[in-house]
Amino acid sequence: MIKIKKYAALALIAALGGISYSCEKDFDEINTSQTVVDDPDIKFLLAYAEDRVASYQGTEWIWESLEQLFRYTQHMSASPFELSDNVNTRYSAYYNEILPNLFEIRRQIEAKPDKDRYQKAAAVTYVLQVLHGLKVTDMNGSIPYTEAVQGRYDAMYSPKYDAQKELLDTWLVELDRAIGALGNNSLTDQESYGTSDIYYQGDYTKWAKLANTLKLRIAVRYQNQDAAKAQAIFQEVMQDETGPIVADEEQLSYRNTNFSPFNPSDIDYRSRRFGSLSLVGFMKEAEDPRLPVYFDANDLTGSFRDSLDKYNVQLPAFIDPSDPLIMYQGGPADWTTRPEIAAYMSAPLEVGPLRYNLISTINRRFFSPRLDNASGNFVHVLVTHAETCFYIAEFIQKGYGGGIDTKGTAAEWYEQGIASSIRTMNEIAREAGSATAFSEDNAEAAIQAYIEGPEVKLNGENDLERIYIQQYINFYRLANEAFVFVRRTGYPAYGSDYYSREPFNEPIPRRFWLIDPGELNRENWSDALTEQGFTLGSRDLNVLSQERVWYDKPAPDFGEGGQ
């Protein structure tokens with residue numbers, strides 16, 4: 001794929017303002033470099049932007065997702081490390097590698113004599129930039145958008161930072177326009193990206209469905225600030241002729257046989273990651289078929305009991321010897337809260353000359369198909385069918401569907417989401433060459449048995465919480481969405497009889513920091529942070545844990561859902 005250096009460099013200037021006016025003398029040299037493509041084909045521009053939306057995350061998986069966000073959400077447990085400068089690469093990737101190519105696609109289309117044949121091709125670019133822009137604002141609040149990437153076109157090197165509410169409203173308008181074009185069957189003879197569209201291979205209907213699901217992502221973010229707005233967005237999506245993602249083949253999937261976010265051993269960088277007590281415990285109790293997909297078995301397999309008897313060794317008190325799933329044991333999300341268990345996350349149980357690791361690690365090959373030089377394929381589903389289903393079930397359960405055809409009950413959407421989640425996670429594991437939940441022969445039987453189980457089936461008592469928890473379990477591969485979910489809902493909730501959040505003594509940042517962009521755009525940066533009530537330049541966890549982006553301000557504290 002072609003990297004368009006010229007547009008990437010100018011995007012950073014426009015967004016970050018980190019280059020002074022004295023550098024303008026270099027622009028001619030950049031524009032005439034023999035290594036730069038002056039008129040790249042829009043198909044290459046789209047393919048590169050699509051690839052970078054997924055592949056920029058190589059460092060994000062380590063420094064942000066596995067090391068921080070998944071600990072905060074309590075999907076995983078690991079040694080606590082500082083929140084380093086390596087987080088928030090989502091921000092620079094947006095302005096450096098994603099937006100520039102999308103803007104250039106639209107510029108080229110606008111200049112074409114037959115530009116009407118490219119209306120759907122242009123619409124795709126807005127869906128893609130909203131997809132990643134939402135992720136950027138989630139942890140940063142106000143960001144440059146309406147004036148971003150204008151350095152090359154309009155000599156705009158100090159763009160304003162759009163407030164988060166303005167961003168969400170702008171993106172809703174852009175998504176509506178995109179859906180209007182992408183779902184318009186009267187627009188015939190439209191130019192296609194074909195196989196250069198690495199996500200949907202030029203299927204514009206699927207892009208329209210993705211746009212509607214992104215509207216649902218925006219709706220759930222609106223809930224704590226404006227529930228009526230969230231309801232209105234939901235009803236628009238459900239009444240749209242094309243609708244959201246409602247089938248596995250409509251998911252936004254990134255498949256690349258030549259890419260892995262981890263080198264053979266990077267997934268263990270600085271720490272092994274373990275399953276949390278709460279998640280492993282719940283999945284065992286509910287007999288969740290995703291358990292062996294999410295977590296590796298410990299060493300309590302085979303003839304381990306004979307060895308315990310032979311050397312007269314007792315299992316620690318936190319392990320039930322009669323547990324039929326004894327090979328899966330979680331560790332405390334915060335090691336300081338259960339030191340008697342955490343001790344076995346650092347050292348094995350010694351049984352004579354044998355050493356038994358007791359706490360289940362995450363299924364490393366599920367995330368890292370090239371672990372130990374294996375040859376599995378990396379598949380990453382950035383927007384899932386299940387996510388859509390759980391949002392719809394949540395909204396119906398909250399009464400947001402009154403007066404419209406919701407195309408099913410909350411229970412029906414909930415069950416559809418569970419089934420899709422299990423199938424999707426199983427497929428990711430199969431491609432990775434990892435443990436799977438089931439064979440294809442008994443897939444539907446295993447899924448149905450789980451859905452009908454007493455810990456899963458809606459019972460009219462705590463249905464919203466059950467919908468929330470399945471949404472939470474489904475986000476095991478999407479750290480940002482998992483964090484947004486836990487932050488916006490306060491679930492899992494402390495003290496819940498159904499699924500309780502574990503004690504956690506660390507301060508949890510509710511936002512990231514944005515670096516000072518330098519003299520060129522410092523004033524806009526400072527004004528934006530001050531307007532949001534943010535402490536300029538602070539990277540202190542205690543400060544970041546108290547300062548919230550706009551849509552998060554009325555949200556409950558972590559673990560305080562349902563209060």
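Note that the structure is a prediction, hence the values are computed from the model and not measured. (Residues numbered from 1 in each chain as written. Predicted model: local features only at pLDDT ≥ 70, side-chain atom pairs only at ≥ 80, totals over all residues. Heavy atoms only, no water.)

Q: Could you clarify how one ought to interpret the overall build of the protein in this entry?
A: Along the backbone of the protein there are 22 helices and six strands. Expected size for 563 residues packed as a compact globule is a radius of gyration near 24 Å; at 24 Å, the protein falls within 12% of this value. Seen through its principal axes, the protein has C-alpha atoms that stretch 80 × 55 × 45 Å. When the 563 residues of the protein are sorted by exposure, 60% land in the buried category. The contacts in the protein between residues at least 6 apart in sequence include a share of 79% that link residues at least 24 apart. For the protein, the accessible area works out to roughly 21700 Å², and carbon and sulfur atoms hold 47% of it. (Helix = DSSP H or I, 4+ residues; strand = E, 2+ residues; numbered from the N terminus. Rg over C-alpha atoms; globule rule 2.2 N^0.38 Å. Buried < 20%, exposed > 50% of the residue type's maximum accessible area, 1.4 Å probe, protein only. Contact = heavy atoms within 4.5 Å. Areas by Shrake-Rupley, 256 points an atom, 1.4 Å probe, with all protein chains shown as cover.)

Q: What is the right way to look at helix 18 (residues 443-451) in this model?
A: Along helix 18, the positions that sit buried rather than exposed are A443, I447, Y450 and I451. The buried residues of helix 18 all sit within an arc of 100 degrees when viewed along its axis, so they share a single face. What points out from helix 18, more than 90 degrees from its buried face, is the exposed set A445 and A449. Against the buried residues of helix 18 lie helix 17 (410-432) and helix 19 (463-474). (Arc of directions from axis to C-beta.)

Q: Just checking my understanding: could you explain the environment of L175 for this structure?
A: Along the polypeptide, L175 turns up in helix 8 (residues 164-182). Taking the C-alpha atoms as reference, L175 lies 7.6 Å from N212; in sequence the two are 37 residues apart. Look past the residues within four positions of L175 in its chain and what remains in contact with it is V127, V130, A211, L214, K215 and I218.

Q: Explanation requested: empty space enclosed by the protein in the structure shown.
A: Rolled over the atoms, a probe as big as a water molecule pinpoints where empty space is left. Applying the stated rule across the entire model yields four cavities of 30 Å³ or more. Size it by volume and the largest cavity reaches roughly 230 Å³. As for the largest cavity, its lining consists of 16 residues, of which Q57, K135, L382, L478 and N480 are closest to the centre. Among the secondary structure elements, those contributing two or more residues to the lining of the largest cavity are helix 4 (58-73), helix 6 (119-140), strand 6 (378-383) and helix 20 (479-489). Here the lining of the largest cavity is composed, by residue class, of six nonpolar, five polar and five charged. (1 Å grid on protein atoms, 1.4 Å probe; cavity = no way out; pocket = protein on both sides within 12 Å on 5 of 7 lines; lining within 4 Å. Points joined across faces, edges and corners; volume = space filled by probe spheres on them. Nonpolar A, V, L, I, M, F, W, Y, C, P; charged D, E, K, R; others polar.)

Q: Mind showing me how you'd approach the environment of F81 here?
A: Following the sequence through the fold, F81 ends up in the loop between strand 1 (76-77) and helix 5 (89-111). What makes F81 partly exposed here is its relative accessible area of 25%. Sequence separation between F81 and S271 is 190 residues; the distance between their C-alpha atoms is 9.3 Å. Apart from residues lying up to four places away in sequence, F81 is in contact with E67, Q68, R71, R270 and S271.

Q: Mind showing me how you'd approach the nonpolar core here?
A: Ranked by size, the top nonpolar core spans 155 residues in total, and within it Y199, W207 and F295 carry the most contacts. Discounting chain neighbours no more than four positions away, the residues touching Y199 are E50, V53, A54, L128, W207, L252, S253, Y254 and L382. Ranked by size, the runner-up nonpolar core spans 17 residues in total, among them F304, L308, I326 and W335. (Core = buried A, V, L, I, M, F, W, Y, C linked by side-chain atoms within 4.5 Å.)

Q: Would you take a moment to explain unusual backbone geometry for this structure?
A: For residues other than glycine, phi is negative in most cases, and the peptide bonds are mostly trans. Of note, the amide linkage connecting Y491 to P492 takes the cis form, showing an omega dihedral of -5 degrees. Relative to the helices and strands, P492 resides in the loop between helix 20 and helix 21 (522-531). Of note, the phi angle at N373 is positive, near 65 degrees, even though the residue is not glycine. Relative to the elements of secondary structure, N373 occurs in the loop between helix 15 (364-367) and strand 6.

Q: What should I look at first to understand the pairing of strand 6 in this one?
A: In the case of a regular strand, side chains alternate between the two sheet surfaces. By the criterion of burial, strand 6 is predominantly enclosed, with six of the six residues buried. Here strand 2 (residues 252-256) pairs with strand 6 via five bridges, running antiparallel. In the strand pairing of strand 6, Y254 is matched with H380. (Pairing = 2+ DSSP bridges.)

Q: Hey, could you run me through the packing of aromatic side chains in this one?
A: The final tally for this structure, using the stated rule, is 32 aromatic pairs. Taken together, a centroid distance of 5.0 Å and an interplanar angle of 45 degrees make the contact between Y468 and Y491 tilted. You can see Y468 sitting in helix 19 and its partner Y491 sitting in the loop between helix 20 and helix 21, a full 23 residues away along the chain. Judged by centre distance (6.3 Å) and plane angle (45 degrees), the ring pair of Y472 and F485 falls under tilted. Of this pair, Y472 sits in helix 19 while F485 sits in helix 20; the two residues are 13 residues apart in sequence, bridging distant segments of the chain. Taken as a pair, Y472 and F485 share a single burial class, namely buried. (Phe/Tyr/Trp six-rings, centres within 6.5 Å; stacked < 30°, edge-to-face > 60°.)

Q: I tried to follow the side chain of R52 on my own but got confused; where do I start?
A: Relative to the helices and strands, R52 is located in helix 3 (residues 42-55). Note on R52: relative accessible area 18%, which makes it buried. Engagement of the side chain of R52 in a polar contact is seen with the side chain of E97, the distance being 2.9 Å. Those residues within four positions of R52 in sequence are excluded, and the remaining contacts are E97 and I98. (Polar contact = N/O pair within 3.5 Å; in protein donor to acceptor, adjacent residues only side chain to side chain.)

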